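# An overview of the molecular structure
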Amino acid sequence: MDEVKENTKRANQAWRRKPRKFAPKSRLGCRTCDGYSEMRVACKNETTEIESSHYHNKKAHGAESCDSYHPCTTISACHPKKGYSKYHGLIWQNLGPFMILPVTGSAQAEAMWFFENISIKHLNEHRPCESWRKTLIFFSQTVPSVRYAAIALALIHRNYLYRDSSNHVHQPQSSRDWLGDNAPLFHYNRAIRFLLNQENGDSTEITAVTLLVCYLFTCFDHLAGNYVQAVKHLRGGVELSRNIDKAILNNNNTYDDSEPSGVRTFICQVTRQIRRLDMQAVSFLVDWTPVDIQETFMSQLSPSDGTFRSLDLAADHLQTLIARVMRLRYTEQQISSMDKMSPSLSSLKDIVLGQLEIWASSFKSTLQQGRSYETDSETYPLVSLLRLQHTIARTLLSCCGPGREMDYDNFLPQFQQCVALAGDVAAAHERYSGSSRPTFTPEIGIIPLLYIIGVKCRHPMVRREVLSILRRQPTQEAVWDSMSAARVVERVTEIEEGRFGEGQMIQSMKQIAVCQRIEDLSWVHVASGQSAARLDITYTFCAREGLHTESLLI
């Protein structure tokens, strides 16, 4: 500790011994360091290597060119050495505006403003965190690789937000759409170049910065419609987070906003964001198994009263349980409809149902202790979202098993409650976004939940309300697009209610026979060039053999 203090003291007084070089007054946005170049700010002592089938030369001079983009560029996992950097540790101990990278033009300044005021706002809409917002701003201002990744994300986010602004029908953006605008791709490649151009090494700090760039790239490729590449970045980020020295993380992998920011806090923050996306990926990837899916649930409850220490922790642990539910569902779907659920699978189902009950009880106690949660305008949407997620997870698991599609009819009250909760969250989202333009977040919110309600609840009024909420505002949550989900729910409704005649609405769920009900359903968004985007759906009927496929125009 004394050594750290002495190093800090010497660093703070170094300017007294060396006169500052003359540099002209800068008007490029550098607040305290006129005359320094961008590379001066970068931590150039050590780095984490990036693997790329395209960037074989680490100098990567061609990365500046927009034509040099390769969809297989991924971030690899390097195991960092123990310990921290002796010379650059001060950067992580005090997240103050000690040095700001110069802004090289009005377009870059506009992109940075958009990132700091618009993009960050939506990246963590469901669970906003002021310290994480400050961290994103700080590193985008001071580390070149993060700066250009942030600019790339801001530019493609802005294109997404304002494209087709005169058209009420929003279509998901395809890869070729954004390739027409070279600016996002140019800065995307510059971010890669700065990572590659750093010297080799195994710095924990550089690994953490690489993890942050990986997070921003995941968001970028989701917006670009490159979902496969987004998943590759996410998988690379998960591996990086696993390899970061566990000694710098506290026992719960959490952080305290009141503590001074440092390398441990930063790594905890960015790791938490990556792990959250990892846990949520099971909602759209059948073969995805999150890293922390076996995390001990009870250990995170307060030993005194069984409550969660924060609303954020409650959300984290519910997400773990939802991931377990989805894994059970996928396993169940692989079982033939003629077979019964295996005893081991049935036992695991009962265990997870019990864990969901414990969560609900603990969550209720948490809300009772912090009564402001349900009245505070910032936390109320999260409370509604968690109730919605818990109810849907419990309903899905209760109906898990071959030949149990009719069981969903028994959960009409729960579905009606969920639609009301989803309406509350959607209304809060509209107030938060401040406009009816398309919005994006890499985190999962209400879209997959509304999709589940729309295809599993056969009550005509519930389904129409689901479609109304999905079409209220074009929204994308990771790969989930509200307009695509609405189109699939609409088509399922047409198929199941089709025998009653066009334009006629059924009066009761029981009017839809078992053999008319769709059981297993999947869909893929397909975009090709300038042609209209379409959805390829695949489904089976209950108690009937045969796989059906259709293509739907959005």
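Scoring rules and cut-offs
Residues numbered from 1 in each chain as written. Predicted model: local features only at pLDDT ≥ 70, side-chain atom pairs only at ≥ 80, totals over all residues. Heavy atoms only, no water. Helix = DSSP H or I, 4+ residues; strand = E, 2+ residues; numbered from the N terminus. Contact = heavy atoms within 4.5 Å. Salt bridge = Lys/Arg side-chain N within 4 Å of Asp/Glu carboxyl O. Buried < 20%, exposed > 50% of the residue type's maximum accessible area, 1.4 Å probe, protein only. 1 Å grid on protein atoms, 1.4 Å probe; cavity = no way out; pocket = protein on both sides within 12 Å on 5 of 7 lines; lining within 4 Å. Points joined across faces, edges and corners; volume = space filled by probe spheres on them. Nonpolar A, V, L, I, M, F, W, Y, C, P; charged D, E, K, R; others polar. Pairing = 2+ DSSP bridges. Phe/Tyr/Trp six-rings, centres within 6.5 Å; stacked < 30°, edge-to-face > 60°. Lys NZ or Arg CZ within 6 Å of the ring centre and 35° of its normal. Polar contact = N/O pair within 3.5 Å; in protein donor to acceptor, adjacent residues only side chain to side chain. Axes fitted to C-alpha atoms, helices over the stretch in contact; angles between N-to-C directions. Parallel < 35°, antiparallel > 145°, perpendicular 65-115°, else oblique. Left-handed = near helix turned anticlockwise from the far one by under 90°.

### Describing the overall build of the chain
If you tally the helices and strands in the chain, you get 17 helices and 8 strands. For the chain, long-range pairs separated by at least 24 residues make up 74% of all intrachain contacts whose partners lie at least 6 apart in sequence.

### Here's the deal with the pattern of salt bridges
Applying the stated rule across the entire model yields 23 salt bridges. With a closest N to O distance of 2.9 Å, arginine 158 and glutamate 110 form a salt bridge. Taken together, the positions of arginine 158 in helix H5 (residues 144-162) and glutamate 110 in helix H3 (residues 106-123) put the pair 48 residues apart, joining distant regions of the chain. Judged by its relative accessible area of 23%, arginine 158 falls in the partly exposed class. Looking at glutamate 110, the relative accessible area reads 45%, which means it is partly exposed. Residue arginine 517 pairs with aspartate 409 through a salt bridge whose shortest N-O separation is 2.9 Å. On the criterion of sequence distance, the pair formed by arginine 517 in the loop between helix H17 (482-497) and strand E6 (518-526) and aspartate 409 in the loop between helix H13 (380-398) and helix H14 (412-433) is long-range, its members being 108 residues apart. By the burial criterion, arginine 517 is buried, and aspartate 409 matches it.

### Quick word on the environment of aspartate 287
Counting through the fold element by element, aspartate 287 comes out in the loop between helix H10 (263-280) and helix H11 (311-333). Residue classification places aspartate 287 among the exposed positions, given a relative accessible area of 65%. Separated by 43 residues in sequence, aspartate 287 and tyrosine 330 have C-alpha atoms that sit 8.5 Å apart.

### Things to note about empty space enclosed by the protein
Scanning the entire structure with this criterion turns up 4 cavities of 30 Å³ or more. As a volume, the largest cavity reaches approximately 150 Å³. Looking at the lining of the largest cavity residue by residue, the classes come out as 7 nonpolar, 5 polar and 4 charged.

### Topic: the sheet that holds strand E3 (residues 439-441)
Strand pairing in a sheet relies on backbone hydrogen bonds. The paired strands run either parallel or antiparallel. Judged by pairing direction, the sheet is mixed, and its 3 strands sit side by side in the order E3-E4-E5 without closing on themselves. Edge positions in the sheet fall to E3 and strand E5 (480-481), since each has one partner strand and no second. Pairing analysis gives 3 bridges linking E3 to strand E4 (residues 475-477), with the strands arranged parallel. Directly across from phenylalanine 440, in E4, lies its bridge partner glutamine 476.

### Digging into the packing of aromatic side chains
A full pass over the atoms with the stated rule returns 13 aromatic pairs. The interplanar angle of 25 degrees and the centroid separation of 4.3 Å between the aromatic rings of tyrosine 188 and phenylalanine 217 together place this pair among those described as stacked. In this pair, tyrosine 188 sits in helix H7 (residues 182-196) while phenylalanine 217 sits in helix H8 (residues 204-224), placing the two residues 29 residues apart along the sequence. Looking at tyrosine 188, the relative accessible area reads 0%, which means it is buried. On the basis of relative accessible area, phenylalanine 217 is assigned to the buried category, the value being 1%. Taking 5.6 Å as the distance between ring centres and 85 degrees as the angle between the ring planes, the aromatic pair formed by tyrosine 539 and phenylalanine 541 counts as edge-to-face. A single burial state applies to tyrosine 539 and to phenylalanine 541, both of which are buried. Positioned above the aromatic ring of tyrosine 432 is the side chain of lysine 121, whose terminal nitrogen or guanidinium carbon lies 5.0 Å from the ring centre.

### Looking at unusual backbone geometry
Phi is positive for alanine 478, which is not a glycine, with a value near 55 degrees. Note on placement: alanine 478 falls in the loop between E4 and E5. For alanine 478, a relative accessible area of 2% puts it in the buried group. The phi dihedral of alanine 543 is positive, around 60 degrees, even though this residue is not glycine. With respect to the helices, strands and loops of the structure, alanine 543 is situated in the loop between strand E7 (534-541) and strand E8 (548-553).

### Details of the side chain of histidine 122
For histidine 122, the position within the fold is in helix H3. Discounting chain neighbours no more than four positions away, the residues touching histidine 122 are His157, Tyr432, Ser433, Thr439, Phe440 and Thr441.

### What about the side chain of aspartate 278?
Mapped onto the fold, aspartate 278 is located in helix H10. Separated by 2.7 Å, the side chains of aspartate 278 and tryptophan 288 make a polar contact. Separated by 2.9 Å, the side chain of aspartate 278 and the backbone nitrogen of valine 291 make a polar contact. The residues contacting aspartate 278, other than those within four sequence positions of it, are Leu234, Val238, Trp288, Pro290 and Val291.

### With respect to the sheet that holds E7
The strand order across the open sheet built from 3 strands is E6-E7-E8, with neighbouring strands paired in antiparallel fashion. Of all the strands in the sheet, the pair left with one neighbour each is E6 and E8. Sheet twist, expressed as the mean angle between neighbouring strand axes with direction ignored, is 20 degrees. Alignment of E6 against E7, held across 7 bridges, turns out to be antiparallel.

### Some remarks on the packing of H13 against H14
Packing of H13 against H14 leaves a shortest axis separation of 9 Å and a crossing angle of 150 degrees. Classed by the angle they form, the pair H13 and H14 counts as roughly antiparallel. Like other packed secondary-structure pairs, H13 and H14 cross with a definite hand, here left-handed. Residues Tyr380, Pro381, Ser384, Leu385, Arg387, Leu388, Thr391, Ile392 and Thr395 of H13 pack against Gln414, Phe415, Gln417, Cys418, Leu421, Ala422, Asp424, Val425 and Ala428 of H14. Broken down by class, the residue content of the contact of H13 with H14 amounts to 11 nonpolar, 5 polar and 2 charged.

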